[in-house]
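What follows is each chain in one-letter form.
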Amino acid sequence: MTGPGNAMERLMASLGGGKVRSLPPVERWNPPFCGDLDMRIAADGTWFYMGTPIGRPALVKLFSSVLKREGEDYFLVTPVEKVGISVEDAPFQAVEMQVEGEGDDRAIAFRTQVDDLVSVGPDHALRFARAAQDGLTPYVHVRRGLWARLTRALTYDLLALGEIREAEGVAMFGIAAAGEFFPAVPASEIEGL
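What this report covers is the structure whose coordinates are included nearby. All values derive from a computational prediction rather than experimental measurement.

What to know about the overall build of the protein chain
Next, step 1: The secondary structure content of the protein chain amounts to three helices and 15 strands.
Next, step 2: Taken across its 193 residues, the protein chain has 44% of its residues classed as buried.
Next, step 3: For the protein chain, the share of sequence-separated contacts (at least 6 apart) that also reach a separation of at least 24 residues comes to 54%.
Next, step 4: Summing over all exposed atoms, the protein chain offers an accessible surface of approximately 10,100 Å²; the carbon and sulfur share of this is 52%.

Here we look at the sheet that holds strand S11 (residues 135-143)
Each strand in a sheet pairs with another by means of backbone hydrogen bonds, the pair being arranged parallel or else antiparallel.
Next, step 1: Reading across from one edge, S9-S8-S7-S12-S11-S10 is the order of the six strands in this open sheet, with mixed pairing throughout. Single-partner strands in this sheet number two, and they are strand S9 (117-119) and strand S10 (126-131). Between one strand axis and the next, the sheet turns by 40 degrees as a mean value, whatever way the strands run.
Next, step 2: Relative to S9, strand S8 (residues 107-112) runs antiparallel, the two sharing three bridges. Residue pairing in the sheet places arginine 111 in a bridge with leucine 117 of S9.
Next, step 3: Sitting on the sheet, helix H3 (residues 152-159) is in contact with strand S7 (92-100), S8, S10, S11 and strand S12 (146-150), with an inclination near 35 degrees to S7.

A word on the environment of glutamine 93
Next, step 1: Assignment of secondary structure puts glutamine 93 in strand S7.
Next, step 2: The class for glutamine 93 is buried, based on a relative accessible area of 14%.
Next, step 3: Separated by 20 residues in the primary sequence, glutamine 93 and glutamine 113 place their C-alpha atoms 5.8 Å from one another.
Next, step 4: With near-sequence residues (within four places) excluded, glutamine 93 lies in contact with Ala43, Asp44, Gly45, Arg111, Thr112, Gln113, Ala148, Arg149, Leu150 and Thr151.

Re unusual backbone geometry
Next, step 1: A positive phi angle, close to 50 degrees, is found at methionine 50, a residue other than glycine.
Next, step 2: The residue methionine 50 is located in the loop between strand S2 (47-49) and strand S3 (52-53) in this model.

Examining the packing of aromatic side chains
Next, step 1: A full pass over the atoms with the stated rule returns two aromatic pairs.
Next, step 2: Note on tryptophan 47 and phenylalanine 63: the rings are 6.3 Å apart at their centroids and 15 degrees apart in plane angle, and the pair reads as stacked. Of the two residues, tryptophan 47 is situated in strand S2 and phenylalanine 63 in helix H2 (residues 57-65); the sequence distance between them amounts to 16 residues.
Next, step 3: Directly above the aromatic system of phenylalanine 48 lies the positively charged group of arginine 40, at a separation of 4.1 Å from the ring centroid.
Next, step 4: Just above the ring of tyrosine 139 sits the side chain of arginine 127; from NZ or CZ to the centre is 4.1 Å.

With respect to H3
Next, step 1: Taken as a whole, H3 has its buried residues at Leu154, Thr155 and Leu158. Mapping the buried residues of H3 onto a view down its axis gives an arc of 105 degrees, with all of them on the same face.
Next, step 2: Against the buried residues of H3 lie S7, S8, S10, S11, S12 and strand S14 (170-177).

Focus: the pattern of salt bridges
Next, step 1: All chains considered together, the criterion is met by 13 salt bridges.
Next, step 2: Aspartate 89 is the partner of arginine 149 in a salt bridge, and the nearest nitrogen-oxygen pair spans 2.7 Å. Of this pair, arginine 149 sits in strand S12 while aspartate 89 sits in the loop between strand S6 (82-87) and S7; the two residues are 60 residues apart in sequence, bridging distant segments of the chain.
Next, step 3: Arginine 149 sits in the buried class, given a relative accessible area of 17%.
Next, step 4: Residue class for aspartate 89 comes out partly exposed when judged on its relative accessible area of 25%.
Next, step 5: Among the salt bridges present, the one from glutamate 96 reaches arginine 111, with a minimum N-O distance of 2.9 Å.

Side note on the pairing of strand S15 (residues 180-186)
Look at any regular strand and the pattern is simple: side chains alternate between the two faces of the sheet.
Next, step 1: Sheet topology note: the S14/S15 ladder contains six bridges and is antiparallel. Looking at the pairing, methionine 172 lines up with proline 186 of S15.
Next, step 2: Between S14 and S15, which pair antiparallel and follow one another directly, the connecting turn spans two residues, one of which, alanine 178, has a positive phi of 55 degrees.

Conventions adopted
- Residues numbered from 1 in each chain as written.
- Predicted model: local features only at pLDDT ≥ 70, side-chain atom pairs only at ≥ 80, totals over all residues.
- Heavy atoms only, no water.
- Helix = DSSP H or I, 4+ residues; strand = E, 2+ residues; numbered from the N terminus.
- Buried < 20%, exposed > 50% of the residue type's maximum accessible area, 1.4 Å probe, protein only.
- Contact = heavy atoms within 4.5 Å.
- Areas by Shrake-Rupley, 256 points an atom, 1.4 Å probe, with all protein chains shown as cover.
- Pairing = 2+ DSSP bridges.
- Axes fitted to C-alpha atoms, helices over the stretch in contact; angles between N-to-C directions.
- Phe/Tyr/Trp six-rings, centres within 6.5 Å; stacked < 30°, edge-to-face > 60°.
- Lys NZ or Arg CZ within 6 Å of the ring centre and 35° of its normal.
- Arc of directions from axis to C-beta.
- Salt bridge = Lys/Arg side-chain N within 4 Å of Asp/Glu carboxyl O.

Written out as structure tokens, the structure reads:
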């Protein structure tokens, strides 16, 4: 039997070998604020400490597992302390995409640079931002208000799946996946991109 659920399971397995990493329950932790740390996540997903890129992927994965967003601010938290960090755009970058099917039955899955696996749908929506120089920038929701910006190559691959549909009475260009339509821009603006 094939269906969206089975397709998504196959896609997720192809991205991460079927492994989904468990994460600490940072949403339940409310420790005291201990100040800001000289840590920054660049727009390309590179993590920096004191101006130097963190070169150990395992360390970046550890930090990303305790990342928490409160409003527009980002923190690294443990059960006993919370420190502020700077995020230039989105804390994660989607670096791999798998697609199966078409239209509303399409399944789309992403892997981030820290090996988070997400499948587009109600819990992992797509959103799009317009930037003067970058054109249209897509993001996928990863977890707890944390988003991943798609790499430029994945942006082109994702937008190639786009179609025009009516959304709230307006012809919109967007992406269909998991039974939903994620509008990006009015169809009349596609030529400007």
